[in-house]
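Coordinates in review
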Amino acid sequence: SSSSSSSSAPPAYAKITPSATTVQLSSHTLSLPVSLTTTAGAALTTATTAPVTLSVLFIDGTAVSGTDYAAANTTVSIPAGSASASVTVPLLYSPSSSSRTLTVRLSAPISWAGAGVDVSLDPASYQTAVTLQDDITASLSASDVVSATLRLTGVSASELSSSPAALAAVREAVAAATSVSAANVYASQ
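We now turn to the structure provided with this report.

Focus on the overall build of the protein
Across its full length, the protein holds two helices and nine strands. Starting at the N terminus and ending at the C terminus, the protein contains elements arranged as β-β-β-β-β-β-β-β-β-α-α. In the protein, which comprises 189 residues, the share counted as buried stands at 30%. The contacts in the protein between residues at least 6 apart in sequence include a share of 73% that link residues at least 24 apart. Put simply, the protein shows about 10,600 Å² of open surface, and 55% of that area lies on carbon and sulfur atoms.

Okay, structure coming up:
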């Protein structure tokens, strides 16, 4: 439940930083700090007495949720007594020769009942433009060996190794799931 403006509670801004950032896919995670400040941008002088919860929107640019990153619109909560938290987004590996973009935006509704501050969004720092760079695909070459373990239920390694059709099916499944061609498949116990 959002609180209304009250003369007894000092105003505070919720902000996300930086305004723009570039993240390498090999880092696997995007983490953006969210903080509460005075409206002049200074640190809060009094601790909050209840959590402050903000809505977080993920807006696709050329990046696509579910393909390039694993996030849906959510909330971030800054604990009572704290002035900061983080929005964390798992990055997904989707091979691409070009960088992709998305925007992470703080939004209403904001809940701050009992926090002792009157929270609004910092009009200058309420969103981050994110560029995702694929630094993985560029580092792979055709001769790279990537090892993966597949667990096939109900099929023994000896049955798999003695069946060219089964090995071909595994190669096709790997290629379909990963966009990688599996030149050799080895079965082990």
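Observations regarding the sheet that holds strand 4 (residues 52–60)
Strand order in the open sheet formed by five strands is 2-9-7-4-5, with mixed pairing between adjacent strands. The open sheet has two edge strands with one neighbour each: strand 2 (20–24) and strand 5 (74–78). Ignoring which end each strand starts from, the neighbouring axes of this sheet average 30 degrees apart. When strand 2 meets strand 9 (residues 127–133), the two strands line up parallel, connected through five bridges. Among the inter-strand pairings, glutamine 24 is bridged to a residue of strand 9, identified as glutamine 133.

Details of the environment of aspartate 134
With respect to the secondary-structure elements, aspartate 134 resides in the loop between strand 9 and helix 1 (157–161). A residue is classified by how much of its surface remains accessible, and aspartate 134, at 11% relative accessible area, is buried. Considered as a pair, aspartate 134 and valine 23 are 111 residues apart in the sequence and their alpha carbons are 8.8 Å apart. Of the polar contacts made by the side chain of aspartate 134, one reaches the backbone nitrogen of isoleucine 136; its length is 2.9 Å.

Observations regarding the sheet that holds strand 8 (residues 118–121)
Pairing is mixed in the open sheet, where four strands are placed in the order 6-3-1-8. Bordering the open sheet on either side are strand 6 (84–90) and strand 8, each of which pairs with just one other strand. If you compare each strand with its neighbour and ignore which way they point, the axes differ by 25 degrees on average. Note: strand 3 (residues 29–37) against strand 6, seven bridges, orientation antiparallel. The residue bridging threonine 29 from the neighbouring strand is proline 90, located in strand 6.

Describing the pattern of salt bridges
Enumeration over the complete set of coordinates arrives at two salt bridges. Between lysine 15 and aspartate 122 there is a salt bridge, with the nearest N and O atoms lying 3.5 Å from each other. Of this pair, lysine 15 sits in strand 1 (residues 11–16) while aspartate 122 sits in the loop between strand 8 and strand 9, placing them 107 residues apart in sequence. What makes lysine 15 buried here is its relative accessible area of 16%. Of the residues examined, aspartate 122 reaches a relative accessible area of 8% and is grouped as buried. For the salt bridge of arginine 100 with aspartate 68, the shortest nitrogen-to-oxygen distance reads 3.1 Å. Taken together, the residues arginine 100 in strand 7 (residues 100–111) and aspartate 68 in the loop between strand 4 and strand 5 connect sequence positions 32 residues apart. On the basis of relative accessibility, which here comes to 3%, the residue aspartate 68 falls in the buried class.

Thresholds, definitions, all that
Residues numbered from 1 in each chain as written. Predicted model: local features only at pLDDT ≥ 70, side-chain atom pairs only at ≥ 80, totals over all residues. Heavy atoms only, no water. Helix = DSSP H or I, 4+ residues; strand = E, 2+ residues; numbered from the N terminus. Buried < 20%, exposed > 50% of the residue type's maximum accessible area, 1.4 Å probe, protein only. Contact = heavy atoms within 4.5 Å. Areas by Shrake-Rupley, 256 points an atom, 1.4 Å probe, with all protein chains shown as cover. Pairing = 2+ DSSP bridges. Axes fitted to C-alpha atoms, helices over the stretch in contact; angles between N-to-C directions. Polar contact = N/O pair within 3.5 Å; in protein donor to acceptor, adjacent residues only side chain to side chain. Salt bridge = Lys/Arg side-chain N within 4 Å of Asp/Glu carboxyl O.

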